[in-house]
Structure formats: C-alpha cells, structure tokens
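Notes for the structure review
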Amino acid sequence: PLRTNRVLIVQLFSNIISNAFDYADRKNPRVRVTLAPQEKSIRIEIENNGLAISEDAKRKLFTRFYRSPQAMEYKSGGTGLGLFIVKMICDIFGWNIGFESPRHEGAGTMFFLEIPRT
C-alpha cells in the first residue's frame, strides 16, 4: 500500500503522462507506462517515442517556466510548469525522478519515478 496525498498523486501522473503524449511522435504516437518492483523501491517508467531532449535542456528541464526551443517548436502551448510541479511533488514525497533521452530524434524519452518501499 502507498499512503500519500491523492490530489498531489493525480497532479503528478496527469502532468507526466500528458507530457509524454504531447511530445510523442506526431504520426505514430506511442506512450508506455511500466511498473517495475525493485528490492528497495518501486520504479515507474513513462516512455514515449518522440522528441529527444537536448543536452542544454537536460540541465534545465525541471526548472520553473522552462520550455526548450525544441519543445516550443513541437508544441506551441504550455507554461513550462508541468515538470517543475512533478519534481516538487516528488521532492515532497521523498521520491526520486529522472529521465533518459538519447541524442537522436524519434528515440523518445523515458522518465522514471523511484518510490522507496516503506
């Protein structure tokens, strides 16, 4: 069982999963959510097949109001608050959040959450 704040959990997953769909491949969008129990944590992976994250953007991704130039070209709307809010919620809960993004387009990005077992 996971004891946490329902409102914040809904906000976290709503933001991170909608981001995955927003930046998935336009012609053939694919998003995969995987739950992987680990020895000391539960790992949740949210992966898409779209926009790769540039090296410069990787350093700024979780900062408030940040949208990379590639993201702005790909999708015109957005505040740059979604991933900032996700990071803040993870920090409140003591969860780890990170991502892996290859350097070539179309390979997508995979965000992961690591939730410590209690």
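Residues numbered from 1 in each chain as written. Predicted model: local features only at pLDDT ≥ 70, side-chain atom pairs only at ≥ 80, totals over all residues. Heavy atoms only, no water.

**Digging into the pattern of salt bridges**
Threshold: Definition used for salt bridges: Asp or Glu carboxyl oxygen within 4 Å of a side-chain nitrogen of Lys or Arg. Secondary structure is summarised from DSSP: a helix means a run of H or I of at least four residues, a strand means a run of E of at least two, and numbering begins at the N terminus for each. For every residue, the accessible area obtained with a 1.4 Å probe (protein chains only) is divided by the maximum for its type, and the residue is called buried under 20%, exposed over 50%, and partly exposed between those limits.
What the rule picks out here adds up to 9 salt bridges. Among the salt bridges present, the one from R32 reaches E47, with a minimum N-O distance of 2.4 Å. With a gap of 15 residues between them, R32 in strand β1 (residues 31-37) and E47 in strand β2 (residues 41-48) connect regions that are remote in the sequence. According to the relative accessible area criterion, R32 is partly exposed, its value standing at 44%. Judged by relative accessible area, E47 falls into the partly exposed class, the value being 21%. Between D56 and R59 there is a salt bridge; the shortest N-O distance is 3.1 Å. Taken together, the residues span about one helical turn, with D56 and R59 both in helix α2 (residues 55-60) at a distance of 3 residues.

**Brief notes about the nonpolar core**
The criterion, for reference: Joining through side-chain atoms within 4.5 Å is the link that ties buried Ala, Val, Leu, Ile, Met, Phe, Trp, Tyr and Cys residues into a set, and such a set is a nonpolar core. Here a residue-residue contact requires only that any non-hydrogen atoms of the pair lie within 4.5 Å.
Counting 21 residues, the largest nonpolar core has L12, C90, I97 and F111 as the members making the most contacts within it. Elements supplying a minimum of two residues to this core: α1 (6-22), β2, α4 (82-93), β3 (96-100) and β4 (110-116). Setting aside anything within four residues of it in sequence, one finds C90 in contact with L12, W95, I97 and L113.

**Side note on the environment of D25**
Applicable threshold: For the purposes of these results, a polar contact is taken to be a pair of N or O atoms within 3.5 Å, where, inside protein, one atom must be able to donate a hydrogen and its partner to accept one; residues adjacent in sequence count only when each atom of the pair is a side-chain atom.
Checked against the element boundaries, D25 lands in the loop between α1 and β1. Using a relative accessible area of 28% as the deciding quantity, one classes D25 as partly exposed. The spatial distance from the C-alpha of D25 to the C-alpha of I42 is 28 Å, given a sequence separation of 17 residues. Separated by 2.7 Å, the side chain of D25 and the backbone nitrogen of N28 make a polar contact.

**Some remarks on the side chain of S68**
In this structure, S68 sits in the loop between α2 and α3 (69-74). A distance of 3.0 Å separates a polar atom in the side chain of S68 from the backbone nitrogen of A71.

**What to know about the packing of α1 against α4**
Let me state the cut-off plainly: Axis definition: a line fit to C-alpha positions, over the contact stretch in the case of helices; interaxial angles, taken between N-to-C directions, run 0 to 180 degrees. Geometric relationships in this document are graded by angle, where less than 35 degrees denotes roughly parallel, more than 145 denotes roughly antiparallel, 65 to 115 denotes roughly perpendicular, and other angles denote oblique. With the far helix as reference, a near helix turned anticlockwise by less than a right angle produces a left-handed crossing, and one turned clockwise produces a right-handed crossing. Charged means Asp, Glu, Lys or Arg here, nonpolar means Ala, Val, Leu, Ile, Met, Phe, Trp, Tyr, Cys or Pro, and polar covers whatever is left, Gly included.
For the pair α1 and α4, the least separation of the axes is 9 Å and the interaxial angle reads 140°. Relative to α4, the element α1 lies oblique. You can see that α1 and α4 cross each other, and the crossing is left-handed. Counting all contacts with α1, which are made through L8, I9, Q11, L12, N15, I16 and N19, the residues of α4 involved are G82, L83, I85, V86, I89, C90 and F93. Looking at the contact of α1 with α4 residue by residue, the classes come out as 10 nonpolar, 4 polar and no charged.

**As for unusual backbone geometry**
What you tend to see is this: most non-glycine residues have negative phi, and most peptide bonds are trans. The phi torsion at F65 lies on the positive side, around 70°, for a residue other than glycine. Along the chain, F65 turns up in the loop between α2 and α3. Since its relative accessible area comes to 55%, F65 is described here as exposed.

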